[in-house]
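# Structural features, examined
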Amino acid sequence: MGSPVTVQKTLNNNVVIADHPAFKEVILIGKGIGFNRKPGDCIEPEIAEKTFLLRDPEQKEQYVNLMSHVNEELIPLMSDILLHVGERMEEPLNEHIHVALTDHLAFAFHRTQNALAFQNPFLSEIETLYPKEYQIAMEVVTMIYDRTGVQFPDGEVGFIALHIHSAVTDKSLREINKHNQLITQLIAFTEEQLEIDIDRKSIDYHRLVQHLHRAIHRVHTGESTGEQTNLNDMLKSEYPLCYNIAWKLIKVMQRQLNKTVDESEAVYLTIHLYRLTQK
């Protein structure tokens, strides 16, 4: 983006919306880039610390409205965080992350600085399901502490990881959270039925969560794990308790997803449940 751009609107001292000859509207972020800028002023885009496009008019409107509520001193940090996330994920990020993550972090600062508790009930599941996103979210929290001295609670790591995962997969947070809630419900149901407390750090817990995640994905795509008739009969005979609970889990999934779950899932769930009973 080497061509000069023309200021369309100054959002604050650190953010301007500008017209670019090739890319139309662009958003420029940089410390002091908006200071004393007026519509019609020309800017060399190289002076911006970050330049990005918001092609979706709704996303642009949300971003413009958001900037009036965000502490200007945090804008360069937000820009560095988004740049870090993009570099670490090594994948294109959906543009909605500029609005969604900035909005979340701004509110997270408010909550943390005012000691407002905000629990994340899916933290263990998030760490298990999205390990790369979770690691990058931890790096983001470290960046925030190093630059501001504000220490986010552990629960925020999970929320940030979900925003990153949403931006990479192009899935809405609502859809992701719905699946995570179902997995949490299935884990709690398993503990109740087996009368155990599952160690969230154990390999068997990680295997079960990953399997449930893939099973939900298979339900939505209509994918089957294949015929397992002989193994099914053997497991039903050898491990009747685990087999029965596996079918109860399947019924919960069918009720929550309002879709049919392939019968072969019972085989793999029975094996996972049996492992848990051997501890």
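Above this text you will find the structure in question.
On a predicted model such as this, the values are computed, not experimentally measured, just so you know. (Residues numbered from 1 in each chain as written. Predicted model: local features only at pLDDT ≥ 70, side-chain atom pairs only at ≥ 80, totals over all residues. Heavy atoms only, no water.)

### Section: the overall build of the protein chain
- Looking only at helices and strands, the protein chain features 11 helices and five strands.
- Against the 2.2 N^0.38 benchmark of 19 Å for 279 residues, the protein chain shows a C-alpha radius of gyration of 24 Å, more extended than a compact globule.
- Taking all 279 residues of the protein chain together, 46% fall into the buried category.
- Across the protein chain, contacts joining residues at least 24 apart in sequence account for 65% of those joining residues at least 6 apart.
- Of the roughly 14500 Å² of accessible surface on the protein chain, 48% is carried by carbon and sulfur atoms.
- Here the protein chain contributes 27 positively and 39 negatively charged side chains, and the mean placements of these two sets differ by 3 Å. (Helix = DSSP H or I, 4+ residues; strand = E, 2+ residues; numbered from the N terminus. Rg over C-alpha atoms; globule rule 2.2 N^0.38 Å. Buried < 20%, exposed > 50% of the residue type's maximum accessible area, 1.4 Å probe, protein only. Contact = heavy atoms within 4.5 Å. Areas by Shrake-Rupley, 256 points an atom, 1.4 Å probe, with all protein chains shown as cover. Lys, Arg positive; Asp, Glu negative; His and termini not counted. Charge placed at Lys NZ, Arg CZ, Asp CG, Glu CD.)

### Brief notes about the pairing of strand S2 (residues 15-20)
- In terms of burial, S2 is largely enclosed, as five of its six residues are buried.
- Of the strand pairs in this sheet, strand S1 (residues 5-12) and S2 are connected by five bridges, and their pairing is antiparallel. Residue pairing across strands places Thr6 opposite Asp19, the latter belonging to S2.
- Counted along the chain from S1 to the antiparallel partner S2, the turn is two residues long.
- The pairing of S2 with strand S3 (residues 24-29) spans six bridges and is antiparallel. Note that in S3 the partner of Val16 across the bridge is Leu28.
- If you look at the hairpin formed by S2 and S3, you'll find three residues sitting between the two strands. (Pairing = 2+ DSSP bridges.)

### Some details on the sheet that holds S3
- With antiparallel pairing, five strands are arranged side by side in an open sheet as S4-S1-S2-S3-S5. Bordering the open sheet on either side are strand S4 (42-43) and strand S5 (50-52), each of which pairs with just one other strand.

### Description of the environment of Ser172
- Topologically, Ser172 is positioned in the loop between helix H6 (154-169) and helix H7 (173-194).
- In this structure the C-alpha to C-alpha distance between Ser172 and Leu208, which are 36 residues apart in sequence, comes to 24 Å.

### Regarding the packing of aromatic side chains
- Evaluation of the coordinates by the stated rule reveals two aromatic pairs.
- Residues Phe109 and Phe152 carry aromatic rings whose centres are separated by 5.1 Å and whose planes lie at 75° to one another, so their mutual orientation is edge-to-face. With Phe109 in helix H3 (residues 96-113) and Phe152 in the loop between helix H5 (131-148) and H6, this pair connects stretches of sequence that are 43 residues apart. Comparing Phe109 with Phe152 shows no difference in burial state: the two are buried. (Phe/Tyr/Trp six-rings, centres within 6.5 Å; stacked < 30°, edge-to-face > 60°.)

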